[in-house]
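Survey of secondary and tertiary structure
Spelled out from the first residue to the last, the chains are:
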Amino acid sequence: MDQNEMNQYNGNLQQEEQYDEVDIMELVRKVLKEWKLLLKWACGAIVVGLIVGFSIPNEYSASALMAPERTGGSSGGGNLSALASLAGINLGSGSGPDALTPDIYPEIVNSTPFLTDLFSLEVSFKHKKETITTDYYEYLKEYNKAPWWNAVISFPMKALGWTMSLFKEKKEKLEGYADLNPYELTDEQAGILKAIKESISVSVDKKTSMITISATAQDPHVAAQLCNVLVGKIQDYVTAYRTDKAREDLKYAEQLYEETKNDYYKAQQRYAKYVDANQGVVFQSIRTESERLQNEMNLCYQLYNTCAQQLQVAKANLQKETPVCTVLQPPSVPLKKSNASKLNILLICIFLGVALAAVWVLWGRDTWASFKTGLKDSDE
């Protein structure tokens, strides 16, 4: 490329840049000329923003942070094994890989049995300067507010359902959760279940395996109470899962211990009575029977002693398998709202209003005018 072609190329680039700059400035001037229209749209957006902002109920979120629970084979289990070995008791080599990893905690919390257990949760909150205590089901049903447009949106479906119910066999309407069946929820119970599922969340940090539990409610005290109960329920669930086999072993060991203890006491009583009744008698048959009863008593004692040791092993194993769920950050009553503030909603609405007005000035008005012209031409 020679010098003349290079100069021509640079000149074209400068012309294109000037053309783009002129176009942008022209668009800006075109928009600013319609400042009255922009102002009208902004005022309308302010009205919409105020309506939306004051229609959305306040929400508060409480959260807690938990450390991963200690699995079998940890240092705690090793200490128990060392202590038990001093007494001549073998606790085994420890547990294998655990199937209940923190990654599945969100699925556990979102399961229907877990959520339906929260129906009966007792919550306390202030309503119209009065402290009310009720269950969480009743709180969501009677005291939870919803934006007015939810009723408008759901009205067609409700009207359709009411119309269809006129042609169906009427069934007794069940309210509340007194006759709760997790496998067949009523429409009301399903709605409450959905509301609970949307108000709680459990997330796991992939790097540290830390578990974050959060709960949202329209009352800050309810949010904190719900989050605290979630922490306790997760701890109970994990403990029950991890110690299920150990608790069954302990129950069986206690049963054997009681049976062998009773057998030993009975054999001891039989031997003592026989010896007391035959003191001073030197017949060989008496001595043989006495030795037989003594051997039977010794055998029962050995079984009783073995079962007593196994009972201690079962208790130690239960302690060994019990996980340690450490709550690093307990939930507290939130002081600030978690949803968007009224000011932010207002600013967003104003921005959208001005943006829509600019789009109307630049392209919408001309498009609508050409559309109406086309309709007139087609009619003629």
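Bear in mind the structure is a predicted one, so any value in this text is a computation, not a measurement.

We now examine the sheet that holds strand β4 (residues 200-204). Sheets are built from strands paired through backbone hydrogen bonds, the pairs being either parallel or antiparallel. The sheet built from 4 strands is open, its strands ordered β4-β5-β1-β6 with antiparallel pairing. Two strands close off the open sheet at either side, each with one partner strand: β4 and β6 (327-329). Recorded for the sheet is a direction-independent mean angle of 25° between the axes of neighbouring strands. Relative to strand β5 (residues 211-217), β4 is paired through 5 bridges, and the arrangement is antiparallel.

Attention shifts here to the nonpolar core. By size, the foremost hydrophobic cluster in this structure holds 38 residues, and its most contacted members are Y136, I196, I200, I213 and I234. Looking at this core element by element, the count peaks at 9 residues for helix α9 (residues 220-277). Here Y136 is in contact with L118, F119, L121, V123, I196, S199, V222 and L226, once residues within four sequence places are set aside. Core analysis: the next-biggest nonpolar cluster, separate from the first, contains 16 residues, L250, Y257, Y264 and A267 among them.

What follows concerns empty space enclosed by the protein. Scanning the entire structure with this criterion turns up 1 cavity of 30 Å³ or more. Here the largest cavity is characterised by a volume of approximately 40 Å³. Taken together, Y105, I108, V109, I234, Y237 and V238 make up the lining of the largest cavity. Put simply, the parts of the chain that give the lining of the largest cavity at least two residues each are α4 (105-109) and α9. Taken together, the residues of the lining of the largest cavity break down into 6 nonpolar, no polar and no charged.

As a further point, take a nonpolar patch on the surface. A cluster of nonpolar side chains, contributed by W41, L356, W360, W368 and F371, occupies part of the molecular surface with about 520 Å² of accessible area. Here the nonpolar patch takes 4 residues from helix α11 (residues 342-379), the largest share from any one element. Here W360 lies in helix α11.

In this section: the pairing of β4. Where burial is concerned, the two faces of β4 differ: the one with I200, V202 and V204 is buried and the one with S201 and S203 is not. Linkage of β4 to β5, two consecutive antiparallel strands, is achieved through a turn of 6 residues, within which S209 is found at a positive phi near 65°.

The next point concerns the packing of aromatic side chains. Under the criterion given, the structure shown has 9 aromatic pairs. The rings of Y257, Y264, Y265, Y301 and Y304 are connected pair by pair, giving a single aromatic cluster. Positioned over the ring face of F54 is K342, at 5.3 Å from the centre of the ring.

With that out of the way, let us pick up the pattern of salt bridges. This model, assessed by the stated rule, comprises 8 salt bridges. The residue R292 makes a salt bridge to E296 at a minimum N-O spacing of 3.4 Å. Placement of both R292 and E296 in helix α10 (residues 284-321) is noted, with a separation of 4 residues, approximately one turn of the helix. Judged by relative accessible area, R292 falls into the partly exposed class, the value being 43%. According to the relative accessible area criterion, E296 is partly exposed, its value standing at 27%. Several salt bridges share partner residues, and in doing so they unite R270, E289, R292 and E296 into one network.

Attention shifts here to the packing of α9 against α10. When two helices pack together, their arrangement is captured by the angle between the axes and the distance separating the axes. Relative to each other, α9 and α10 sit at 160°, their axes nearing to 7 Å. Judged by the angle between their axes, α9 and α10 are roughly antiparallel. In the crossing of α9 with α10, the sense of the turn from one axis to the other is left-handed. Of the residues in the contact of α9 with α10, the class split is 23 nonpolar, 8 polar and 11 charged.

Over its 21 residues, helix α2 (residues 35-55) extends 30 Å from the first C-alpha to the last, a length consistent with the 30 Å expected when each residue adds 1.5 Å. Within the sequence span of α2, burial applies to L37, L38, A42, A45, G49, G53 and S55. Projected onto a plane normal to the axis of α2, the buried residues spread over an arc of 145° and lie on a single side. Exposed residues pointing more than 90 degrees away from the buried face of α2 are listed as K36, K40 and F54.

Below, the discussion takes up the pairing of strand β2 (residues 122-126). Regular strands show a simple pattern: their side chains alternate between the two faces of the sheet. Of the two faces of β2, only one is covered, namely that formed by V123 and F125; the face formed by E122, S124 and K126 stays uncovered. Taken together, the 5 bridges between β2 and strand β3 (residues 131-135) define a ladder with antiparallel strand orientation. From the neighbouring strand, S124 faces β3, where its bridge partner is T133.

Now for the confidence of the model for the protein. Considering every residue of the protein, the mean pLDDT works out to 80; 79% of them sit at 70 or more. Across the protein, the secondary-structure element scoring lowest on mean pLDDT is helix α3 (residues 75-86), at 44, and the one scoring highest is β5, at 93. In this model, residues 18-22 is a region of pLDDT below 50 whose contacts with residues beyond four sequence positions or in other chains number 0 contacts. Between residues 72-97, whose pLDDT stays under 50, and residues either more than four places distant or in other chains, the model counts 25 contacts.

Basis of the calculations
Residues numbered from 1 in each chain as written. Predicted model: local features only at pLDDT ≥ 70, side-chain atom pairs only at ≥ 80, totals over all residues. Heavy atoms only, no water. Pairing = 2+ DSSP bridges. Helix = DSSP H or I, 4+ residues; strand = E, 2+ residues; numbered from the N terminus. Axes fitted to C-alpha atoms, helices over the stretch in contact; angles between N-to-C directions. Core = buried A, V, L, I, M, F, W, Y, C linked by side-chain atoms within 4.5 Å. Buried < 20%, exposed > 50% of the residue type's maximum accessible area, 1.4 Å probe, protein only. Contact = heavy atoms within 4.5 Å. 1 Å grid on protein atoms, 1.4 Å probe; cavity = no way out; pocket = protein on both sides within 12 Å on 5 of 7 lines; lining within 4 Å. Points joined across faces, edges and corners; volume = space filled by probe spheres on them. Nonpolar A, V, L, I, M, F, W, Y, C, P; charged D, E, K, R; others polar. Patch = residues over 30% accessible without salt bridge, like charges linked within 9 Å, V, L, I, M, F, W, Y side chains within 5 Å. Areas by Shrake-Rupley, 256 points an atom, 1.4 Å probe, with all protein chains shown as cover. Salt bridge = Lys/Arg side-chain N within 4 Å of Asp/Glu carboxyl O. Phe/Tyr/Trp six-rings, centres within 6.5 Å; stacked < 30°, edge-to-face > 60°. Lys NZ or Arg CZ within 6 Å of the ring centre and 35° of its normal. Parallel < 35°, antiparallel > 145°, perpendicular 65-115°, else oblique. Left-handed = near helix turned anticlockwise from the far one by under 90°. Expected span 1.5 Å × (residues − 1). Arc of directions from axis to C-beta. pLDDT = per-residue confidence, 0-100.

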